Structures are given as C-alpha cells and as structure tokens.
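The primary structure of each chain is shown beneath.
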Amino acid sequence: MGDCWLNCNLYVLCSSVKLWASAFGGEIKSISAKYSGSQLLQKKYKEFEKSVRVEEIDGLKLVKNLAVKMEEVFRKKAEATRRLVEAAEEAHHQHEENPDLQYEYFNAVLINEVDEMGNNVELGGEFLLEPNDHFNNLSVNLSLSVVQVPTNMYNKDPDIVNGVYWSEALNKVFVDNFERDPTLIWQYFGSAKGFFRQYPGVKWHPDEHGVIGFDCRNRKWYIQAATSPKDVVILVDVSGSMKGLRLTIARQTVSSILDTLGDDDFFNVIAYNQEIHYVEPCLNGTLVRADRTNKDHFREHLDKLFAKGIGLLGEALAEAFTILNDFNQTGRGSVCSQAIMLVTDGATEMYDDVFEKYNWPERKVRIFPYLIGRESAFADNLKWMACANKGYFSQISTLADVQENVMRYLHVMSRPKVIDHEHDTVWTEAYVDSALNEKAGPSLMTTVAMPVFSTKNETNQGILLGVVGTDIPLQELMKLIPKHMLGIHGYAFAITNNGYILTHPDLRPLYQDGQKRRKPNYSSVDLSEVEWEDKDDILRNAMVNRRTGTFSMEVKKTVDRGRRVLKMHNDYYYTDIKGTPFSVGVALSRGHGKYFFRGNVSVEAGIDVEACDVTVCLCLGHRTYCNTEEQHEHRHLTQIQAIKLFLTGRRPHLKCDRELIQEVLFDAVVTAPLEAYWTGLALNKSENSDKGVEITFLGTRTGLSRTNLFVPGDQLSNQDFLTAEDKEGVFNADHFPLWYKRAAEQVPGTFVYSIPFSTALENKSVVLASTAIQLLDDRKSPIVAAVGIQMKLEFFQRKFWTACRQCTALDGKCSISCDNGDINCYLIDNNGFILVTEEQSQTGLFFGEVEGAVMNKLLQMGSFKRITLLDYQALCKEYAGSSDSAQLDTFSAYLWFSQLLWFLISFHTHSAQRSRGKTMMVPCDTEYPAFVSERTIKETTGNIECEGCVRSFVIQQIPSSNLFMVVVDNKCDCSSAPPVTMDPIEIMYILSRRNTDSLKCDRLKFQKDRKKPESCHPFHPEQMCGVRPSMELHTPLQCKPLKTEPTRLLDPWCNVHRDQRKAVDPCWH
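Here goes a summary of the coordinates provided. Owing to the predicted nature of the structure, the values given are computational and were not obtained by experimental measurement.

1. Describing the side chain of Thr-428
Okay, step 1: Relative to the elements of secondary structure, Thr-428 occurs in the loop between β15 (426–427) and β16 (431–432).
Okay, step 2: Engagement of the side chain of Thr-428 in a polar contact is seen with the backbone nitrogen of Thr-447, the distance being 3.0 Å.
Okay, step 3: Look past the residues within four positions of Thr-428 in its chain and what remains in contact with it is Trp-221, Gln-224, Thr-446, Thr-447, Leu-502 and Phe-582.

This is the structure we're talking about:
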C-alpha cells in the first residue's frame, strides 16, 4: 500500500496516472493563467513593491474605533426617540379628555379604500403613497403617519380617538427627525390603549381571514420599555372543576402570559390540584430564562395538562414564594420585579397566612389572579389577594377575552417606573419585522424604545401612555465596518447583554430554501452557537460583561454553503458600545489576515475619475466608500458618483473614507493594464475559438473588481455569476467573494478549481478557476488581489479526457487509458467533490457517495481528513403524526446510560421518505462532516479487500491546483461497501422520565452568563394596588397587611363589608 512497485500492472497504472495528471495540470494552468492575466497582474504589483508600506493591523485600536462609530449611530437614534417622548408628553399634557370627541384619522387598513359607490370609506380617505427605496421600495407617505388599531378593538372607542387626536402632534416630530437623520427608517408610538401610530404612513393589509394580529403592546420593544425585568411563577389550577373549556382558556392564558415575557425575564409554570406538578418536571424548584426556546418548550407541555382532584392553592402559593425567594437570594434571575400569576376558577380562602409568612409587610411579590369562567362565587377572595399584594384581578370568560385581560398586568408592573419618571432607553435583540408587507424583505434590525408618561397631576400613581421607538437596520452598522482592514477571512460582530447575536456573518435567520420565512429561534442565537470552538465561553462571557480585551483560538470556518471548511487561527478583539447593552468584536485570521499594505498614488497617476469605466463603477456599489445616506441631497448618488464629487471637492459635506478611496485608486492604477490585455485576447480570433473560456475577472482587497466577457452575455453558461443573485460570488459589506477566499488559502502561484454549487444542482455547466496575488513572498504578505476565469464544464472535461489518452509508447498505442472499461477515472477537488467522471450524473457529488470503499481507505491512509463541524442553527424535518409527539424521519440509534438516560442520534438522509403525516422544519442541533485533502501527500496507492477480491486505486495530485486524479480498478466489485456521506447527524437529548439529571434537563437548567439591565424599578412606596385602566385618573386606596393579625388588615377600609368595598376599591373590579 502506498507503493507503486507492488506489481507490474500497478506500476504501469501509476506511471500512466502521473503522466496524465502532469499533462492535464500543465494544460489547464496554462489556460487559466493566460486568460486571467495572473502573471501580468503579479508583475504589476511587484513593480510597486518598494513604494508601499506593509503594516500589522492593531486589532484593539480597530475595534475601539468601530465601537465609537456604532455608538454615534445609536446615540442619534436615541436622541430622535427622546424628542418623540418629549413631544408626546407635552401633547398629552395639553389635551383634555373628551368622551364625545369625534375625529377622523388615517386608519392604516382603511386608507385609499372605497365603498361600492366609489366613495372613500370612513377613517380612510385619500392618502398619497409613493414608492421609496429607503423603505424597501414600499409605497409610503413621508409627510404623515398612519394609525393601526388591532382587529379586536373598536376603531372609534373614545379612549382610542382621544389618544389618536393628541398624538397627531408627533407627525411634525417624525418629519423633523427624518430631516435631521435621513438614515432613520420606521418611527412609531405604541399606545397603552392599543393603537399604533407609524411613520412614514404606509398601508397595512389584513391576512386572508381579514385579520391583523399585530398588537404593539405584545412586542418586545414595548414590554421592555414599559416594565422592568421580572421573575414570574405561573400557577395553573388543574383540579376537577377546571375540566373542558375552562382548562382550554387556562392554557391560552398561560401562553399569552409567556408572550409578554422577554429575554431579561425568568419564569416557571406549576400546575396544582391536591399535589404540585411542575409542568417541566426537571425544572423543579428553579426558574429559566424566558427565551423563545424555553417558552416553546413549556407550551408543548401545556397540552399535556388534564384536570382532576381538588385544588390546594396554599401549598402551590408557598412553593411559588419559595422559588422566587431562593432565586432572588442567590442573585440568579432578573433580581428585580417578582410576580405570581394565578390561573384558576376560584379560591375558597384568602390564604392570608401564606402571604403573611412569605410576602408581608414588604409585598415584593405581586399577585395577579386570573379568574377563569363566568361564575364569580369565589371571586372576592381572588380580588382580595390581588389588592393585598399590589397586584391586579382579571376575569376571563371566553378565549376572546384572554389577550386583553392578560395585558393589564403590564400597567401595574410598569407603575413604579412611571412614578419614578425614569425614561429608560431600551434596545431589543436582532429581529426581522415582516408585520407590514412581504415586500419589505428579511431585513434584520434592532429597536430603541422609551416609555411615555402622563405629566398631569390628577394622580400620584403615574400613568403609562405608551412607548415610542425607532428601528435601526443592522445593515447600517455593517457599513461602518472597515472590511478592507479585516483581511479576507476577518469579520466584525456584535452581541447583546444576554449573549445573543446582534450581527454576525454566520447568523442565519431565515430558512435555507430561499423563502423569507424566519426560523422560530433566530433572534436568540447565542454567540457560543456560532463561535462554538470556544468551549469555555471565554470570549462570550468577556463580551457579555462589557470588558475590553483579546482572545485567540483555532477555528473551523465553513464556506460554500457549509460544504467546504477552512482551518485557521483567529485573534479576537472586543469592547463595549457605550450607551447600549451591546458589545462589538473583531476577528482577524493569523497570517496574511493580520497585515495590510498602503499604496500611494495620485488621481493623475492613471485613473480618470470623470470617465470611470463601467466595470469598476459596478463593483464599487457593493462596498461603502462614501456615506450617501446621511444627507437627503446625497441619497441618489451611486458610490462612484460620490467618489468623483468627493475627489473634486464639489460636495464638501459629503463624508467619505479618504484612506479607503486612496487605496481603491491605487488598485485601479495597478490593475488598469489588464483591461487592454483582456481586450487583446478577445479581439484575437485565433484565441479561444471554441469559446471554452467565457469570463475573466479580478478583485482587490479594497472591493474593486474588473470583468471581461469573451462571449456575448446572453450566451453565458452561468449568467448569475458576479451578479446580485450570486451572493457568495461578489464583494459586499461583510465578506469577500468565495473564489477570492479559497484562492487565498492555496499555495501562491496555484489555481483553485470548483463547480459552483448553485449550478452543480442544476445544469452543472461551468468551472471556476482563481488564484491569489501576493505582494511579498512570505507568510506575512497580505493578499492584494485575486484573478480567475469561468469556463464551460464541457471544455474543462474535454481537456481532462484528452490528457488521459496520452502514453509513452513509441507506436502511440497505449496499453491503458481512461477509455478502458477496466478502470474508472475521476477528477476530484481538495474537498472531495467530483468535477469529472464518465457518469455525468455524478458531477458535483461528493466522492464518498460514489466510491465509499475508496474514500474510506483514503481517510484511513491520511490522504483526506474528516473534520467534524457543529451547527446550532440547523433545521430538521419533522413528521407530525397522530401521536402526541412528532416522529423524525431518521434512522435512530439509541444508547443507554445507567438505565436512565436516553441519548438519541438520528441520521437524516435525503432519500428517506414518509408517505403519512405532514412535514415541518424545526430547529435542531446537528453534527456534520467536511473533508479536506492532506497537502503533503502528492500521490499514493491503495488496495481494498472486497468480498474475496482486492480492488486497487491510484490517487495523484494535479500540479499547480487543488485537484486530484483518482483511478480505480473496476475488476473487483465493492458496491456493498457503505457510502461516505456528508449528511448531518441530528443529536436529540431525550428527557428520562425517571431521572431529572438527564442531559436534556441539564441543558434546560443551564444558565449562561448574562449582564443584567442596569435599570430596575420593582416597586415604589407610593404605589397602591393595581388600577383598572378605565379608572386610571382616580386615586386607589391602600391595602396594607397587618403583621400581627393574619386575618385582619391594618387599613380599616379593607375590613368593611364586601359590598361596600366594591363601591370604593378600583382593584376590586
């Protein structure tokens, strides 16, 4: 094995393969170098070698500068939001409530709607809308806002009409904010009454059922701004009286409460009858963060609740108080507000002994009872509980009542903040807001929001009027990143105080099938799930705790849709963004990624900015050289137009990156000769007569690119290449093209060849070849450019088969060639993908799927290495059958740990099919392999024993390339050997019914480090019990427990007859 002298036949085969590989390698490199102009470009850069400076990048300085720029962006948005707060509070202060007010406003759903007679409908009217590219080409009105009212609310409710009337004053501020800062997008006011005022005005469209489910008060930005972080225990009555519709309403009530919890909140759900049942048994006695994954996990368990027995509420309340106290004492959870949500159909006692033991006199835990059903025989006790513990009582009779009643507790929780008049600025995690229109596209953004309070003196209780906010597209932050300073594989990223990704090139928020649908957990992807090599969370925790520093580790970065892997060593630099809960980091790969060079040329040295050629103009649009968004007068400018105006001094207020533009001009000067070179080749009729080479292209470190077509554009085999549709093939704000990245990791002077996967699954029609251009001849030299060609696959394959017919026989009669039926010939790349094979359907496949036995042997011999990768953002296909739990379309292997823990590893296969049940994509964790060749091995042979015979093969590297020729003896059948695939393996952690220490349970319990919000308003000494929204302007009466007498209350009004109490107590209704 590994020796070509094993036998005569193998020696002949080895010699032939070496000859074929050499002939093909020489031919294809000659074509690639000739048509790309790589040698000419290398020569041109060498001419400037002595006049440029190579500098090591100061990563810490770079990330600090980036943080300052991001801070400025966020500060401007926060100032715009604060102006809205001031205007809203002043407008409300000047307004006198009028229950008979009649006011026509622009309803977001009804604008431009007409009746059967062609007349504008009420609350509609003509509303001018014009497409605007700044708002994703939606038709908007830049002068006015619109008002959206939830479908379940009355458009002309007096509270809504009055709120809409006084909030009209915000229109002027919306417009003024946009004039001051043209980078602003959506600005809005979410009213505590339920309506939503949005600027610019845009038409809203109901779903197919005529419903708009959007309620601003359910949005995270509203809840975060209105309330402080909280720990919540939800108690659900599952006694026998809760059977039927009551239990259904109870489940929905719990689900709606979960909707109001955010990433800074913690919770648990406990069901009770004569016993206490944790809805998730493994979370006995603890709380978990209210992220999307945990809330969905609990929702699945709600369906498993059933009613029986009697309800012993006292024990459940004691358990809830104990959890909240223990969690708070140990510094876990929110360490702020605390509440118990009680979902029941009644209480036979007041349980004041429990409250005296656990909650009085401080009353730091609020009680919010939700009475389920129409009967109110035991309602008085629940009302008393709410009043005695600074909570709020609600009765829910139908499913339609759930949401509005659940929302009321937010008013009570917000009141300490309102009384303190603390306009805390809050920032949300990254999210995709597609509530308006699919045309808006999947644009990630964050929101800055502030609460709006009443400044009137009718009550000392404080009234929350609503929340104002503005969205910040994360793409705006991406434009601040100096990509040309980060090297080819470097990148910037930012995270929240909870460790969730705000922006990262490896964040994948959407489904991978090209649709705009969001993954259910896309907004809570933790940094540790993309930088997963940091097993101890050193980088993550340092950034969460807002430190400034450095970190280093070996990483495996995937490219080409995860099919290829690059191993590198990254240095990370990080710091906090002042005034926000965010931290920003920069990753630089060691080697050429840590160095940058500065060229210095004048405009006159060779580029005429007044007559920029079209290929250069097109390329510059993918990177930001000038900020054309900051002023309205510059918004229409392309990047090249802005550069011209900047260089000629015609627009002194235009902000451009002078250093970057200087480097672009340098690259333009150096690469200019290639235009003439390519044109000469194109005009020479004797060259490229069969039009095998279609395009030649180059790109530089600054984002400049040039292209030249050797065939008419409509005759290109792959017309998406180098277009906006080819997202991995072009420069953009956060990455270099794939062909550039891969060329940079090749040995200098060699070409990397591949079939683009976007076409491999379709017409498999082209091959790309590219090579990197280095400035110096050492490891520290930065990669200054990359050049390449696109050629027809048929042309490439023809060159291969021609080379494989050569031999050294004097008579020209070859004893062996790839035409022989006794051997199979393959051309594969360094990641094991097939470029050439006699069976055309195998083109583009992984070699191990076709020749499993050979690939296994190559792995054993070390010619190829298997690299295991993890994907914590994967989606797996799930089949929903008739059983309670969905079944996975997988081959499953079960391992038994200590007879208690089940660990399931499921192998997902593309070929497996199920005829029954519907499929859905669900989030999952997967492990999958990638393969890479060992560079030091140039040639080798091997023998494989297969069912009584031996199969031989030869693998030979193609010179000056990333390719290998593999020739396999076809006389021995090894088809029974299993294939080597790249299919992902889903790892599911099954929760043992007997063991609460299982791996799944550990994952649920585990709390990663998080930075608690600095602002906290859990209670206020002036706050009384909860107040019904319609009675906000009346002073509620105080209800203080008496410590010495468990059944009596200090305040005499609480001891009056219950009928009298109803008349005077706002909490009582």
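There is more to say after this.
2. Observations regarding the pairing of strand β40 (residues 949–957)
Okay, step 1: Within β40, seven of the nine residues are buried, which leaves it mostly tucked inside the rest of the structure.
Okay, step 2: One ladder, built from eight bridges, connects strand β39 (residues 939–946) with β40; its direction is antiparallel. Counterpart to Thr-940 in the pairing with β40 is Ile-955.
Okay, step 3: Here β39 hands over to β40 after two residues, with Glu-947 in that stretch at a positive phi of 50 degrees.

3. Structural notes on unusual backbone geometry
Okay, step 1: With an omega of -5 degrees, the peptide bond between Tyr-199 and Pro-200 qualifies as cis.
Okay, step 2: Checked against the element boundaries, Pro-200 lands in the loop between β6 (196–199) and β7 (201–202).
Okay, step 3: Backbone torsion omega between Trp-360 and Pro-361 reads 0 degrees, so that peptide bond is classified as cis.
Okay, step 4: Note on placement: Pro-361 falls in the loop between α10 (352–358) and β13 (365–372).

4. Thoughts on the sheet that holds strand β22 (residues 564–576)
Okay, step 1: In spatial order, the strands read β20-β19-β23-β22-β21; together these five strands make up an open sheet with antiparallel pairing. Edge positions in the sheet fall to β20 (501–503) and β21 (549–559), since each of these pairs with one other strand and no more. The sheet shows a mean angle of 35 degrees between the axes of neighbouring strands, taken without regard to direction.
Okay, step 2: Here β21 runs beside β22; their pairing, made up of eleven bridges, is antiparallel. If you follow Met-553 over to β22, its bridge partner there is Asn-570.

5. Concerning the state of the cysteines
Okay, step 1: On inspection of all chains with the given rule, the structure shows six disulfides.
Okay, step 2: Cys-876 shares a disulfide with Cys-924; S-S distance 1.9 Å. The sign of the S-S torsion, about 80 degrees, decides the handedness of the disulfide formed by Cys-876 and Cys-924: right-handed. Note that Cys-876 is positioned in strand β34 (residues 864–880) and Cys-924 in strand β38 (residues 918–933), a separation of 48 residues in sequence.
Okay, step 3: Given the relative accessible area of 3%, Cys-876 is considered buried.
Okay, step 4: The exposure class assigned to Cys-924 is buried, which follows from its relative accessible area of 7%.
Okay, step 5: At a sulfur-sulfur separation of 1.7 Å, the disulfide partner of Cys-946 is Cys-974. Where Cys-946 bonds to Cys-974 through sulfur, the torsion about that S-S bond is close to 100 degrees, and the disulfide is right-handed. One end of the pair, Cys-946, is in strand β39; the other, Cys-974, is in the loop between β41 (963–969) and β42 (985–990), and 28 residues separate them in sequence. In terms of burial, Cys-946 and Cys-974 fall into one category: buried.

What counts and what doesn't
- All chains use their own residue numbering, which begins from 1 and follows the written sequence.
- At least 70 in pLDDT is required for a residue's local features to be given in this predicted model, at least 80 for side-chain atom pairs to be given and counted, and no such filter applies to totals for whole chains, interfaces and linings, which use all residues.
- Excluded from the side-chain calculations are hydrogens and water; all other atoms, namely the structure's heavy atoms, are used.
- A helix here means a DSSP run of H or I that spans at least four residues, while a strand means a run of E at least two residues long, and both kinds are numbered starting from the N terminus.
- The definition of a polar contact used here is a pair of N or O atoms within 3.5 Å, where within protein one atom must be able to donate a hydrogen and the other to accept one, and adjacent residues in sequence count solely through side-chain atom pairs.
- Contact criterion: two residues are considered in contact whenever any of their non-hydrogen atoms come within 4.5 Å of each other.
- With a 1.4 Å probe rolled over the protein chains alone, any residue whose accessible area is under 20% of its type maximum counts as buried; one over 50% counts as exposed, and the rest are partly exposed.
- Strand pairing is assigned whenever DSSP detects at least two bridges linking the two strands.
- Note on definitions: angles span 0 to 180 degrees between N-to-C directions of axes, and those axes are lines fitted to C-alpha atoms, for helices only across the stretch in contact.
- Disulfides are defined in this document as cysteine sulfur pairs within 2.5 Å.

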